[in-house]
Amino acid sequence: MGKTKGTALTLLLTIATCLPLPAATLRVGKGMPYGSINKALSAACPGDVIVVRGGQVYRERLLITKAVSIKGEGKPEIDGGQRGHVIEIKASNVTLQGLTVTNSARSSMKDYCGIYASGCSNLRIKDNILRRNQFSIMLQNCNYSEVAHNNISSNITYNPIMGNAVHCWKCTAMSIHHNIVGHNRDGIYLEFVDNSRIFSNHISGCARYGMHFMFSHHNIYTANYFRHNKAGVAVMYTHHVTMANNIFELNQGTSCYGLLIKELQYSTIRGNRFLGNTIGLMVDGGADLDAHDNLFKDNGWAMRMVSGSSNVTIKRNNFIGNTFDLATNKSYYHNTIDGNYWDKYDGYDLDKNGTGDVPYHPLSLFSTLAEQNDGVLLFFRSFLMNLLDQAEKMLPTITPDNYVDNTPSMTPFKI
């Protein structure tokens, strides 16, 4: 009997030892049990929550090697003192929320970060402020993670040490949304990032691209706002991308674009607004693209198609107030331009079906000549320009007759 009781007691003790302990909350700050975040990290167990009190600056660097959550009250500042990464994550299931992260190291030889993570999954980096870092957030080989509601900018202006706001490399199933990004090199940089969603970010004032992604397939980019960047977005060497309902505004200067496409395939561009850019949409080597229901307004060039872009369908777009609606340096590569609204169209609609009875040629002679020689732009808005365009309309000789909208809409579409 005694032996049976002893066996049962041993079994109960074993089960109790194996059961996970409830998560503990460790508090950091003046008058709290822990005076530094690192001391709380050392004492924490996986699953614990470290709450950091605001009102003071924590001059320390963190190395996170266990699945914990660090949450700030009142946006406490963690200052790395320009001595390396401010926060380095080497564990999955980590949350960073409500913190102010400042002063990573700066180097032209190594990429230092405000928050750096490698080889992790299920990270949550939310509602943080990042300032004065070389790279603000860098994730390498990370999967199923979220970067959301962060406010990010940097004071670095020296190009060799200027980094990106959110930088992802070799990641899968990322969710990057509702971030506000100011001055950085690139706002969001993605390389070898697949099956991810980037939405509702506001990016402005970047020295290079608002968003820049390469070799990143099967992604969806929606409802982002790119304003006053050197160039809005660059999409390079990628396939199967959806870009919908974004705004590309006032990205202006030499070789500046709202959206630059380089070697993109099997993708959709719909419901976007290109407003006041030097070049709204630049398609360089695109193939099998569907651009529809976009608004091109007040751009220098609404759309340029170069380097043999082929099988591009351009339908139901509005072209309003652009200097040039369309330009190309190639004659014909099986592209379809049909059913768009062109404010320069002066045709008629006798049968009142909403479609122009006369085809529209969106390529002007002047834009065609400008593609061959930039010096022609010196005659922009001159009497000579108007004379050439009027003559070309009556007797087309130089502009490619393949670029023609056979069913132009008489009224703009609701975008």
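Residues numbered from 1 in each chain as written. Predicted model: local features only at pLDDT ≥ 70, side-chain atom pairs only at ≥ 80, totals over all residues. Heavy atoms only, no water.

**Structural notes on a nonpolar patch on the surface**
Here is step 1: A cluster of nonpolar side chains, F192, F215 and Y237, forms an exposed patch at the surface whose accessible area comes to about 250 Å².
Here is step 2: Its location among the elements puts F215 in the loop between β22 (209–214) and β23 (219–222). (Patch = residues over 30% accessible without salt bridge, like charges linked within 9 Å, V, L, I, M, F, W, Y side chains within 5 Å. Areas by Shrake-Rupley, 256 points an atom, 1.4 Å probe, with all protein chains shown as cover. Salt bridge = Lys/Arg side-chain N within 4 Å of Asp/Glu carboxyl O. Helix = DSSP H or I, 4+ residues; strand = E, 2+ residues; numbered from the N terminus.)

**Things to note about the pattern of salt bridges**
Here is step 1: Scanning all chains against the criterion turns up 11 salt bridges.
Here is step 2: A salt bridge links K90 to E88; the shortest N-O distance between them is 3.7 Å.

**What about unusual backbone geometry?**
Here is step 1: Located in the positive-phi region is F192, a residue other than glycine, with phi close to 55°.
Here is step 2: Structurally, F192 is set in strand β19 (residues 188–194).
Here is step 3: Classification of F192 by relative accessible area gives partly exposed; the value is 35%.
Here is step 4: Phi at E263 is positive, roughly 55°, even though this residue is not glycine. (Buried < 20%, exposed > 50% of the residue type's maximum accessible area, 1.4 Å probe, protein only.)

**Some words on the pairing of strand β13 (residues 135–140)**
Here is step 1: Counting buried positions along β13 yields 6 of 6 residues, so the element is predominantly enclosed.
Here is step 2: Inspection of the sheet shows strand β10 (residues 113–118) paired to β13 by 5 bridges, in the parallel sense. Within β13, the position partnered with S118 by the bridge is Q140.
Here is step 3: Direction of pairing for β13 relative to strand β16 (residues 166–172): parallel, over a ladder of 4 bridges. Residue pairing in the sheet places Q140 in a bridge with W169 of β16. (Pairing = 2+ DSSP bridges.)

**Description of the environment of N179**
Here is step 1: Structurally, N179 can be placed in the loop between β17 (175–177) and β18 (180–181).
Here is step 2: In this structure, the C-alpha to C-alpha distance between N179 and F199, residues 20 residues apart in sequence, is 8.9 Å.
Here is step 3: Leave out the neighbours within four places in its chain, and N179 touches V147, A148, H149, N150, S200, N201 and H202.
Here is step 4: A distance of 3.0 Å separates the side chain of N179 from the backbone nitrogen of N150, its partner in a polar contact. (Contact = heavy atoms within 4.5 Å. Polar contact = N/O pair within 3.5 Å; in protein donor to acceptor, adjacent residues only side chain to side chain.)

**Points about the pairing of strand β34 (residues 310–315)**
Here is step 1: Where strand β31 (residues 287–292) meets β34, 5 bridges bridge the pair, whose relative direction is parallel. Within β34, the position partnered with D290 by the bridge is T313.
Here is step 2: Pairing analysis gives 3 bridges linking β34 to strand β37 (residues 336–338), with the strands arranged parallel. From the neighbouring strand, K315 faces β37, where its bridge partner is D338.

**Here's the deal with the environment of Y266**
Here is step 1: Take Y266: it is sitting in strand β28 (residues 257–270).
Here is step 2: Residue class for Y266 comes out partly exposed when judged on its relative accessible area of 44%.
Here is step 3: For the pair Y266 and G286, spaced 20 residues apart in sequence, the C-alpha to C-alpha distance is 8.8 Å.
Here is step 4: Apart from the residues lying within four places of it in its own chain, the contact partners of Y266 are H239, H240, V241, A287, D288 and L289.

**Re the environment of L123**
Here is step 1: Mapped onto the secondary structure, L123 falls in the loop between β10 and β11 (124–126).
Here is step 2: Under the relative-accessibility criterion, L123 is labelled buried at 1%.
Here is step 3: Separated by 27 residues in sequence, L123 and L96 place their C-alpha atoms 8.2 Å apart.
Here is step 4: With residues up to four places along the chain from it excluded, the contact list for L123 reads I89, A91, S92, N93, V94, A117, L139, C142, Y144, S145 and E146.

**So, the side chain of N219**
Here is step 1: One can find N219 in strand β23.
Here is step 2: The class of N219 is buried, set by a relative accessible area of 1%.
Here is step 3: A distance of 3.2 Å separates a polar side-chain atom of N219 from the backbone oxygen of S216.
Here is step 4: In contact with N219, other than residues within four places in its own chain, are V193, D194, N195, S196, H240, V241 and T242.

**Some points on the nonpolar core**
Nonpolar side chains in soluble globular proteins tend to be buried together.
Here is step 1: Grouped together as the largest cluster of nonpolar side chains are 78 residues, with contacts concentrated most on I70, I87, I89, L139 and L259.
Here is step 2: Those residues in contact with I89 that sit more than four places away from it in its chain are I64, V94, L96, I115, Y116, A117, S118, C120 and L123. (Core = buried A, V, L, I, M, F, W, Y, C linked by side-chain atoms within 4.5 Å.)

**Thoughts on the side chain of H85**
Here is step 1: Turning to its location among the elements, H85 is positioned in the loop between β6 (77–79) and β7 (87–89).
Here is step 2: Only 3.1 Å separates the side chain of H85 from the backbone nitrogen of C113, close enough to count as a polar contact.
Here is step 3: For H85, the contacting residues outside a window of four places in its chain are R61, D111, Y112, C113 and Y116.

**Regarding the confidence of the model for the protein chain**
For any part of a model where pLDDT is low, the fine detail of the predicted coordinates should not be relied upon.
Here is step 1: Per-residue confidence for the protein chain gives a mean pLDDT of 89, with 85% of residues at or over 70.
Here is step 2: Taken as a whole, residues 11–19 scores under 50 in pLDDT and shows 0 contacts with residues more than four places along the chain or in a different chain. (pLDDT = per-residue confidence, 0-100.)

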